[in-house]
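# An overview of the molecular structure
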Amino acid sequence: MSGPPVAVVGGGLAGIAAAVALGEAGHRVTLYEARPRLGGATHSFARGDLMVDNGQHVFLRCCTAYRGLLDRIGGARRVRMQDRFDVRVLTPGGREGRLRRAALPGPFHLLPALATYSLLGPGDRMRAVRGSLALARLDPADPRLDLVDLGTWLDGHGQRGPARHAVWELFTVAALNVTADHAALGAAVKVFRTALLGRADAADIGVPAVPLGELHGTAAERAIARRGGRVRLSAKVGAVLPGPALMVDGRRVEASAVVLAVPHEQAARLVPDGAAPGRDRWAGLRSSPIVNVHAVYDRRVTGLPFAAVVGSPVQWIFDKTGVAGLDRGQYLTVSVSAADRWIDLPSARVRAEFDPELRRILPAAASARLTDFFVTRERRATFCQGPGSGALRPGAATRWPGLYLAGAWTDTGWPDTMEGAVRSGLTAARLVRRHLREGAAS
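In short, a report on the structure.

Rules behind the numbers
- Residues numbered from 1 in each chain as written.
- Predicted model: local features only at pLDDT ≥ 70, side-chain atom pairs only at ≥ 80, totals over all residues.
- Heavy atoms only, no water.
- Helix = DSSP H or I, 4+ residues; strand = E, 2+ residues; numbered from the N terminus.
- Rg over C-alpha atoms; globule rule 2.2 N^0.38 Å.
- Buried < 20%, exposed > 50% of the residue type's maximum accessible area, 1.4 Å probe, protein only.
- Contact = heavy atoms within 4.5 Å.
- Expected span 1.5 Å × (residues − 1).
- Pairing = 2+ DSSP bridges.
- Axes fitted to C-alpha atoms, helices over the stretch in contact; angles between N-to-C directions.
- Core = buried A, V, L, I, M, F, W, Y, C linked by side-chain atoms within 4.5 Å.
- Polar contact = N/O pair within 3.5 Å; in protein donor to acceptor, adjacent residues only side chain to side chain.

### A short note on the overall build of the protein chain
Scanning the protein chain from N- to C-terminus turns up 13 helices and 20 strands. A compact globule built from 442 residues should have a C-alpha radius of gyration of about 22 Å, and the protein chain, at 22 Å, falls within 12% of that. Principal-axis analysis of the C-alpha atoms gives the protein chain an extent of 70 × 50 × 40 Å. In the protein chain, which comprises 442 residues, the proportion classed as buried is 56%.

In structure tokens:
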């Protein structure tokens, strides 16, 4: 097509999704990424002989846009998907629960699991069932739910004590990266209704079978190139200009349209006030951190591919041995969301707490030797999805024709997840296509 290419700024999942979709539609695309790799918040790095993911990222069967992107970039065979939602829930005291969906239609498929959940007493089990049915009746699109925190709703519906910690917090913290007391009810309802209380297979869990840098980064770069696009790494975009155009490494670059797929703080600096007069509102979205604790043992300490944990600072444990390329022993990653307590602590302090905790949770670890221990931190892993945050999220369109926003922080109707990021990129790509069609017709 004639004219300059579409410029996509940001090489995370939102930018990748936009670039691939535009390439499929026959548009020339140049993707600019300031870092020397694609993948955004989902990347890998080498540590000795290991290939380490910066954090553990999972997806669910209901994440249709993300799974579609994997199909497009050749990653569908590089992930493992459960046949049926099944989560082992461990405790430091040795008790173990299991949440496994039954062969029933949604939303009833998880009720038998709740009714027999061994980490809850009979009364708490029934309260959890009643709470699930009550929450399933709420509409996540109701703007009033954005103003209320999940914790208040749970208290009002008898979801306290063990039921709250072993059910509601278990999934809220992992999905929203905030605790129930700080989570917007609307966002929480979206998670529970879509994943756990919707279609029976919606919550089946998928995990990468290769490092994230391979699954998203190198695969995406090849996919964009196959569609006639170009990727420029280590390219710093300093401004968005009328036209639209960009300042890239100090030089003006013309574009037929621009998709700005960067974190909200960066987007607020790049978008001119005339293009988005309300940018001060979404620039004020706060961030929530995630910390990942990496422990390498000289022998296998668990046979579980992953497990949830309650009653401990350990939240979710993942076996990364095969993905990372470890030949001997076992490599576990502990994913800790809503990690404000841990984000600034030295690694030695983190080890002092998590090493003994893992040995309490996994009995075989008590006699194993740690051969490596390190911590990765994502200070701005997601925006803080608390009460009022939904109203701050902007749409994809701006007041400048040809300039569009993308990112999981935009108004996707989904929480800040990989699915939300991909959906935002697809929305921006649709708007670009419409803009270019209208321009060609005028």
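### Thoughts on the environment of Arg 127
Inspection of the secondary structure assignment puts Arg 127 in helix 4 (residues 122-136). Separated by 37 residues in sequence, Arg 127 and Arg 164 have C-alpha atoms that sit 9.9 Å apart. Not counting chain neighbours up to four residues away, the residues in contact with Arg 127 comprise Gly 158 and Gln 159.

### Digging into helix 12 (residues 347-361)
A rise of 1.5 Å per residue sets the reference length of helix 12, with its 15 residues, at 21 Å; its end C-alpha atoms lie 20 Å apart and thus fit the reference within 8%. Along helix 12, the residues classified as buried are Val 350, Phe 354, Asp 355, Glu 357, Leu 358 and Ile 361. Taken together, the buried residues of helix 12 touch strand 7 (86-90), strand 15 (287-297), strand 16 (306-309), strand 17 (316-319), strand 18 (330-336) and strand 19 (370-383).

### Structural notes on the environment of Gly 121
Here Gly 121 lies in the loop between helix 3 (111-115) and helix 4. In this structure Gly 121 comes out as partly exposed when scored by relative accessible area, which is 30%. On a C-alpha basis, the gap between Gly 121 and Pro 162 in space is 8.4 Å, while along the polypeptide they are 41 residues apart.

### Let's talk about the sheet that holds strand 14 (residues 258-260)
Taking strand neighbours across the sheet as the criterion, the 5 strands line up as 10-2-1-14-20 in an open arrangement whose pairing is parallel. Two strands bound the open sheet, and with one partner strand each, they are strand 10 (230-233) and strand 20 (403-405). When strand polarity is set aside, the average angle formed by the axes of neighbouring strands in this sheet is 20°. Taken together, the 4 bridges between strand 1 (residues 6-9) and strand 2 (residues 29-33) define a ladder with parallel strand orientation. Its bridge partner lying in strand 2, Val 8 is registered against Leu 31. Along the sheet face, helix 1 (residues 13-24) touches strand 1, strand 2 and strand 14 and points at about 170° away from the line of strand 2.

### Some points on the nonpolar core
Residues Phe 85, Val 89, Leu 99, Tyr 117, Leu 170 and Leu 196 are the most contacted members of the largest nonpolar core, which totals 50 residues. Leave out the neighbours within four places in its chain, and Leu 99 touches Phe 85, Asp 86, Val 87, Val 89, Ala 113, Leu 114, Tyr 117, Leu 170 and Phe 171. Counting residues in hydrophobic clusters, the runner-up holds 45 residues, among them Ala 21, Val 79, Ala 220 and Ala 408.

### Points about the side chain of Ser 424
You can see Ser 424 is positioned in helix 13 (residues 418-441). Among the polar contacts listed, one links the side chain of Ser 424 to the backbone nitrogen of Gly 407, at a separation of 2.7 Å. When sequence neighbours within four positions are dropped, the list of residues in contact with Ser 424 reads Ala 14, Ala 406, Gly 407, Ala 408, Thr 410 and Thr 412.

It is worth stressing that arrangement in space is one thing and function is another; only the former is reported here.
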